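Commentary on secondary and tertiary structure
Take a look at the letters that make up each chain.
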Amino acid sequence: MHFLGKATRAVFLKMIRDDEARTRSLESLLGQKAQTFYASDRIVYVEGINGTASLEVLRQRRPDAILSYGTSVVKNAVLDSATDICINLHTGISPQYRGTACSFWPVVNDELDMLGATIHECTSGVDSGPIFETVHSRYEPGDDLHRIFGRAVMVGAEAYVRVVQRYVAGTLSGVSQDLSLGREYRGADLTIGPELVARRRLARLRSIAEISIIGQNDR
């Protein structure tokens with residue numbers, strides 16, 4: 001059933017050209033230069049964070065800290081490459097929302113107050129290391145799923161900078177997570193059912209916002 005639901009979702013997203021919608025939404029929110037990395041001479045492209053090439057780069061550089069974002073689960077070989085710590089930006093509120101698409105599931109669950117990001121120590125567990133900072137993002141009327149994600153990235157990036165500054169200053173400390181709270185979401189959970197639920201919720205919110213605006217204009 002999961003396979004059928006995932007396949008149906010993939011077909012649905014292709015039919016509505018969701019990739020194009022994602023690009024438009026993120027560019028309108030973050031700007032077209034959001035993917036620009038100005039220290040281009042420092043970039044090394046590798047196939048996967050846990051791959052051989054990645055491990056070789058880390059072996060050569062022996063970093064004190066590894067800062068990760070948007071990767072697959074980081075394995076111990078990479079974690080052990082840092083002489084001190086590995087830090088991760090998770091676009092979800094941990095421990096309640098851990099794992100995949102954690103700016104999507106609060107919409108499905110009608111918990112928009114649980115949108116945001118968590119900066120935590122990256123461990124072999126999924127988004128389960130000690131938390132350094134948690135920040136919440138806001139849903140704005142008219143936001144689609146991609147803009148909701150983008151807002152989580154924005155507040156998360158600002159928090160990430162603060163966390164790194166505390167690390168450099170030697171004042172960084174974290175709080176252990178209670179993993180009995182919330183749940184870990186997996187890629188297998190991303191099926192057509194939750195996708196349609198999320199889109200219906202946002203459509204209803206847009207309708208309410210439009211009615212409110214019309215009502216104000218009529219006064």
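Structure: see above.
Residues numbered from 1 in each chain as written. Predicted model: local features only at pLDDT ≥ 70, side-chain atom pairs only at ≥ 80, totals over all residues. Heavy atoms only, no water.

Considering only enclosed or pocket space, the second largest pocket measures out at about 810 Å³ in volume. Those elements that provide at least two residues to the lining of the second largest pocket are α1 (2–15), α2 (18–30), β1 (65–69), β2 (85–90), α6 (145–169), β6 (183–185) and α7 (192–217). A breakdown of the residues in the lining of the second largest pocket according to their chemical character gives 14 nonpolar, 14 polar and 8 charged. (1 Å grid on protein atoms, 1.4 Å probe; cavity = no way out; pocket = protein on both sides within 12 Å on 5 of 7 lines; lining within 4 Å. Points joined across faces, edges and corners; volume = space filled by probe spheres on them. Helix = DSSP H or I, 4+ residues; strand = E, 2+ residues; numbered from the N terminus. Nonpolar A, V, L, I, M, F, W, Y, C, P; charged D, E, K, R; others polar.)

The next point concerns the packing of aromatic side chains. All told, the structure shown has 3 aromatic pairs when counted by the stated rule. Taken together, a centroid distance of 5.6 Å and an interplanar angle of 10° make the contact between Y97 and Y185 stacked. Of the two residues, Y97 is situated in strand β3 (residues 97–99) and Y185 in strand β6; the sequence distance between them amounts to 88 residues. The exposure classification of Y97 matches that of Y185, with both residues buried. Considering the side-chain rings of W105 and Y185, the 4.7 Å spacing of their centres and the 15° angle between planes classify their relative orientation as stacked. Separated by 80 residues along the polypeptide, W105 in helix α5 (residues 105–108) and Y185 in strand β6 bring together distant segments of the chain. Note on accessibility: W105 and Y185 belong to one class, buried. Members of the aromatic cluster, each reached through a chain of ring pairs, are Y97, F104, W105 and Y185. (Phe/Tyr/Trp six-rings, centres within 6.5 Å; stacked < 30°, edge-to-face > 60°. Buried < 20%, exposed > 50% of the residue type's maximum accessible area, 1.4 Å probe, protein only.)

With that settled, consider the pairing of β2. With 6 of 6 residues buried, β2 is to be regarded as a mostly interior element. Neither face of β2 is left uncovered, since the one carrying I85, I87 and L89 and the one carrying C86, N88 and H90 both have all their residues buried. Sheet topology places β1 next to β2; 5 bridges connect them, and they run parallel. Directly across from Y69, in β2, lies its bridge partner L89. Sheet analysis places β2 next to strand β4 (residues 116–121), joined by 4 bridges and oriented antiparallel. Following the sheet pairing, H90 is matched in β4 by T118. (Pairing = 2+ DSSP bridges.)

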